[in-house]
Amino acid sequence: MKKITQFLLMAIAMVFSTAAIAQSTVTGTIIDSETSTPLPGVNIIEKGTTNGVSADFDGNFTLKTRSSNAVIVITYVGFLDKEISITGDIDLGTIALEPSSFGLDEIHIIASVAVDRKTPVAVSTVKAADIELKLGAQEFPEILKSTPGIFATRAGGGFGDGRINVRGFSSVNVAVLINGIPINDMENGRVYWSNWAGLGGVTSQMQVQRGLGASKLAVPSIGGTINIITKTTDVEAGGNVFADVGNDGRRKFGLMYSTGLMENGFAVTVSADKTDGDGYVDGTEFTSVSYFLNISNRINDSHKLSFTAFGAKQRHGQRQNRSLISAYRESERGIKYNPDWGYKNGQVTNIEDNFYNKPQLSLNHYWTISERTSLSTALYASWGSGGGGGTLGSDLDAGAGFEGDGRFKFNSPDYRIGNYGPLDFDRIVDENIANGANGSSAALRASRNDHNWYGLLSTLKTNLTDDLVLLGGLDWRSYKGIHFQEVTDLLGGQFVLDDGNENNPMNFAQVGDKISYNNNGLVDWLGVFGQVEYDVNEDLNTFANLAISNTSYVREDFFNYLDSDPLQVTDRYNFFGYSAKGGANYRFKEKHNVFANIGYFEKAPNFRTVFPNFNNVDINANAENEKITSFELGYGLRGEKFAANVNLYSTLWEDRSLSISFEQPDGTFASANILGVNALHRGIELDFVYKATDKLTLTGMASFGDWRWQNDLTDVQIFDEDQNLIDTVNIFIKDLRVGDAAQTTMALGMNLEVMPRTNFIVDYNYFDNLYARYNPTRRTTEGAPEAWKLPDYGTFDVFLRHSFDFSDFEAILTARMYNVFDSEYIADALDGSASNAATALVWFGNGRTFNLGVKVNF
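Rules used in this analysis
Residues numbered from 1 in each chain as written. Predicted model: local features only at pLDDT ≥ 70, side-chain atom pairs only at ≥ 80, totals over all residues. Heavy atoms only, no water. Helix = DSSP H or I, 4+ residues; strand = E, 2+ residues; numbered from the N terminus. Rg over C-alpha atoms; globule rule 2.2 N^0.38 Å. Buried < 20%, exposed > 50% of the residue type's maximum accessible area, 1.4 Å probe, protein only. Contact = heavy atoms within 4.5 Å. Lys, Arg positive; Asp, Glu negative; His and termini not counted. Charge placed at Lys NZ, Arg CZ, Asp CG, Glu CD. Pairing = 2+ DSSP bridges. Arc of directions from axis to C-beta. Polar contact = N/O pair within 3.5 Å; in protein donor to acceptor, adjacent residues only side chain to side chain. Patch = residues over 30% accessible without salt bridge, like charges linked within 9 Å, V, L, I, M, F, W, Y side chains within 5 Å. Areas by Shrake-Rupley, 256 points an atom, 1.4 Å probe, with all protein chains shown as cover. Salt bridge = Lys/Arg side-chain N within 4 Å of Asp/Glu carboxyl O.

**Q** Just give me the short version of the overall build of the chain, but keep the residues and values in it.
**A** Looking only at helices and strands, one finds six helices and 49 strands in the chain. For the chain, whose C-alpha radius of gyration is 29 Å, the value lies close to the compact-globule estimate of 29 Å for 858 residues. Each principal axis of the C-alpha atoms in the chain carries an extent, and together these give about 120 × 65 × 60 Å. Across the 858 residues of the chain, 57% fall into the buried class. In the chain, of all internal contacts separated by at least 6 residues, the share reaching a separation of at least 24 is 67%. Placing the 71 positive and 103 negative side-chain charges of the chain at their respective mean positions leaves the two points 7 Å apart.

Rendered as structure tokens:
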């Protein structure tokens, strides 16, 4: 018995010793071959097994293999796979992964992509894999809702109508760049996300730089910069097909194919998709066709060319008008209620809708002049065509039973099908037919905002020494905005009478005719910039940037002035702007870093500030520049399993100009042109990532802001939607909290690898201290109360992703559910007469929605 026991103990010892002998320990550090920056989260797997780990925040890894002679496979989204054979214990040192996309590094130069723990700005980066996983049926800006300082909503709930605020600033004052090219409207600074409906499928990464950001351009990055980098062309041939379905009839399908880098130096990537559905909110049916093309050519070792074209042609119904909470409660449709649609001859017809097509083309040239000097240049153009729908009425005098301007019908309960039901267009059609030669008392129109935009962006980079880098460049843009209204549906009538054109004051307008206004805005921009980056030592990085620009405006008006009147075209008005900023980042004790940045810039007033009254006579030729002072402090920690950031910021904005649109009591829209307002935005932001195990990652963030208006305003002008002046008021907003964005946001996330190639993800987002946007006509007396504070709310989103191989293909299945517990919340509000819930006009957020998708890579 004793011998048997000894034998068994020896056998067990031999098994364990054999296992120990067979194992090997492999270590290394993985970096980007082009930027030499660490790549956190890279997957390292022992080939033929499920044994694997992921790299830490500095790109370091340790893998214990099951065999002493093994092959490890290194994979990371956006980079080529790499296999390395190993024998015994080994330190592989630095392992450089090659980007899978051709020309991506050069785009990063133009786009001013920030480098973690080096560029002294607050930055968050979302990779393509996360965008693909979470986007689904969400609006593109919602991808960033778990980012510190970000507030993103669907606004009225229409396709592509989402909006985003950074540190309390709307997209008007957040620079949005695609491959370094600015896309903020040249006249008003806005970003219309519906114009970029297909962007999610072609984005390789999206980076949010909060505060002044790392952009070298004199762009309006007051709140921050959203830097979107699209795919270029893959080095290796391949592609994918994909499809998904969701709630309310949502469907999407498309394909992408890349030739890879061919022997002749060319590479081509093309993708296209179609999306349609009924929309969660009533009357928001949508259809969109997106397209993307990239053709790249490596001419030689010194020259690369890359041509990119992308865009989306879309049309969608909208919920433009907010409603009282009581209206949602009384409507059978609840939070899906939408007053801006109805039925005509049995078909859904929109009172408010949006249609647009904005292809953007760019030709990039990358020239490696020497080992130390390179020049990256982008020549780009876009042509936008489309606008938004609305109502109009004839100006004929009432008589002989004719009702005159019948726009009231679109908001009258008498013309609704049931209580708070859709509009009965057929009744309006019958009345217009009965009007006969008197024309349409009520009809539909579109407000068109077409444009032609051309630009050139060029950046020269030279390494003066190993530690000193000089960058300089040119930013030229030329823009023509084309604005008019046109008749889209006479609703059974013979014409609509319009007297808005001095050259044709008795215009019996037909479908397609221009009405009300017809004017162009011409904007030219020329800027130059220079930046110095100095690495004092391997731990201390500094930069200083100076940019100057000239913005010029010309207004053309073809309706308010006779063709013979020289006032049809204004003189050119020039405004000089500049920015100066600098910062430093210091790394210490390997895992820690601190940074600081400070900046001041003067931004040229926008087009509406210079031409405040929609005419060519009342011109604000000496409009004040907007003045911004900003500073920020930050701390970062990068441990083996835990990473965290803390940021403190303060931004003072003086002589701000903005345009606020709002609903009037009769349901029509009006806008206030507000000049000379000051605001102070301060806050603290925290975020962390904790890799609890190789299978489980936890994330979190919290933002606490204090954003307030600093002064009252006098002689603010109010205009109706036909650009007519209807009132002048004083507005009392001093110490009022800035509304329209939650000043407190928090998020928690979990990513669990349930089994190999299967992940379960949970995201929770919480929003508080969200105040209604003030109505300029409701704050005309001193002592007005604080705007209504919306109830706080939180939502859970869950995602399940599984991938598997079949034959030579890889398939990926993804299930997404948003607002899992169907929480009811208000995400957007316009303050009412009593600054409370009963009088506020609101949009509810979406309830529970879902999306199921499949993608096959080949």
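**Q** An account of the pairing of strand S44 (residues 758–768) is needed here, citing residue identities and associated values.
**A** Within a regular strand, side chains alternate between the sheet's two faces. The element S44 is largely enclosed, with a buried count of eight among its 11 residues. In textbook terms, the turn of a hairpin is the stretch between consecutive antiparallel strands, and for strand S43 (residues 744–755) and S44 this stretch comprises two residues, one of which, Arg757, has a positive phi near 70°.

**Q** Can you break down helix H5 (residues 425–435) residue by residue, with the values?
**A** All buried positions along H5 are accounted for by Phe425, Ile428, Val429, Glu431, Asn432 and Asn435. Buried positions in H5, seen along its axis, are confined to an arc of 165° and lie on one side of it. Turned more than 90 degrees from where H5 packs its buried face, Asp430, Ile433 and Ala434 sit exposed. Buried residues along H5 sit against strand S23 (341–344), strand S24 (347–350), strand S28 (423–424) and strand S29 (443–463). Sitting at the amino-terminal end of H5 is Asp424, which places a side-chain oxygen 3.2 Å from the backbone nitrogen of Asp426. Where H5 ends, the next residue or the one after it, Gly436, has phi of about 55°, a positive value.

**Q** Summarise the sheet that holds strand S22 (residues 323–324); cite the residues concerned and give the values.
**A** Each strand in a sheet pairs with another by means of backbone hydrogen bonds, the pair being arranged parallel or else antiparallel. With respect to topology, three strands assemble into an open sheet ordered S22-S48-S47, the strand pairing being antiparallel. Two strands lie at the open edges of the sheet, namely S22 and strand S47 (826–830), each paired on one side alone. Across two bridges, the pairing between S22 and strand S48 (residues 841–844) is antiparallel. Bridge assignment links Leu324 to a residue of S48, and that residue is Leu841.

**Q** Before we move on, can you summarise a nonpolar patch on the surface with the specific residues and values?
**A** Together, Val241, Leu255, Tyr257, Val270, Phe806, Phe809 and Phe858 make up a nonpolar patch on the protein surface, roughly 590 Å² of accessible area in all. Along the chain, the position of Phe858 falls in the segment after strand S49 (849–857). Since its relative accessible area comes to 43%, Phe858 is described here as partly exposed.

**Q** Any chance you could break down the sheet that holds strand S14 (residues 203–210) for me, citing the residues and the numbers?
**A** Pairing is mixed across the open sheet formed by five strands, whose spatial order is S9-S14-S15-S12-S13. Of all the strands in the sheet, the pair left with one neighbour each is strand S9 (122–127) and strand S13 (181–182). Relative to strand S15 (residues 224–230), S14 runs antiparallel, the two sharing seven bridges. Within S15, the residue paired with Met206 across the bridge is Ile228.

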